[in-house]
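Architecture and fold: a report
Spelled out, the chains give:
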Amino acid sequence: FPLSMAQKFSSRDPLNTATSGARGPENGSSKRSLRGSNEVCPTCEGTGMLPRGRKAELVALIPYSDSRLKPSRTKYYVIVAIAICLLLGFLLGFFLFPRSVGIRVVTANIVNVSLPKDNSSIVLKVKVAVDLSNTNFYHAKASQIQLVVSRNKLDVAHKKFQSVAIALRSTKQVEQTITVNFTKSTHGRSVRNICLGWYVGVNIYLTYTASCNFQYLASSREQATDENSFYEPCRV
């Protein structure tokens, strides 16, 4: 065909007209579907992008069979979490479980003997060593430490100690010198005769009773006592 006839035929072609109309910006082509639908997408409004102001309102639909809905190694993570919790619980129980604390009279030695002018009394100075033990995995404090000296079930001396802090899983020894005064009412004459050597033996038999209160973990308290007896030389 001549050029004029080709241009005329092209202008009358309906396919060519629809295509050119779909591509032309003046006909709102960005809002029309290439399949011939004239409906505008309600989500993107024909722009091909989500509006920023509506992102919080929109919900995406994902098929149930989508792999993103099935996290991998879920059972593995659950088992590991349970194992870690059990291990932490065991460790806390092992280290925080209360263990024994105790007091023990180790030694007692008479270091000085003095004789008053009267013949019915005698004064002994005894050096006593007391062990305070703590087998826990935390510090403990021993307070209200008391030591009672007796002979033949009769108390003859009493001594109080200062509070002592004990490190974890350790033993601390405390030494104190206690004055034991035997008078006429506490068999002072017989003890005086023993120490002067008027009897066959020159050893005196004394019983020591120690007690204290242990405090640990800010609130737990425990009382401990110990009793021990010694034959001690008391020759003047």
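Residues numbered from 1 in each chain as written. Predicted model: local features only at pLDDT ≥ 70, side-chain atom pairs only at ≥ 80, totals over all residues. Heavy atoms only, no water.

The next subject is the sheet that holds strand β6 (residues 170-182). With antiparallel pairing, the three strands of this open sheet are ordered in space as β1-β2-β6. At either end of the open sheet lies a strand with only one pairing partner, and these are β1 (101-114) and β6. Sheet twist, expressed as the average angle between the axes of neighbouring strands with direction ignored, equals 20 degrees. Relative to β6, strand β2 (residues 122-134) is paired through 13 bridges, and the arrangement is antiparallel. Considered in β6, the bridge of K127 is made with T177. Contacting β2 and β6, helix α4 (residues 188-195) runs over the sheet at an angle of about 90 degrees to β2. (Pairing = 2+ DSSP bridges. Helix = DSSP H or I, 4+ residues; strand = E, 2+ residues; numbered from the N terminus. Axes fitted to C-alpha atoms, helices over the stretch in contact; angles between N-to-C directions. Contact = heavy atoms within 4.5 Å.)

Okay, the nonpolar core next. For soluble globular proteins, the rule of thumb is that nonpolar side chains tend to be buried together. Counting 40 residues, the largest nonpolar core has L124, V126, V128, L132, F182 and Y208 as its most contacted members. With seven residues, strand β7 (residues 203-216) is the single largest residue contributor to this core. Those residues within four positions of V128 in sequence are excluded, and the remaining contacts are V105, T107, A108, L147, V174, E175, Q176, I178 and Y208. (Core = buried A, V, L, I, M, F, W, Y, C linked by side-chain atoms within 4.5 Å. Buried < 20%, exposed > 50% of the residue type's maximum accessible area, 1.4 Å probe, protein only.)

A few words now on the confidence of the model for the chain. Residues of the chain with pLDDT of at least 70 account for 82%, and the chain-wide mean is 82. Here residues 1-35 is a poorly scored stretch, pLDDT under 50, and it has 16 contacts once near neighbours within four places are set aside; other chains count. (pLDDT = per-residue confidence, 0-100.)

What the rule picks out here adds up to one disulfide. Here C195 engages in a disulfide with C234; their sulfurs sit 2.3 Å apart. The S-S bond linking C195 to C234 shows a torsion near -105 degrees; that makes this disulfide left-handed. Of this pair, C195 sits in helix α4 while C234 is found in the segment after β8 (220-233), placing the two residues 39 residues apart along the sequence. What makes C234 buried here is its relative accessible area of 1%. (Disulfide = S-S within 2.5 Å.)

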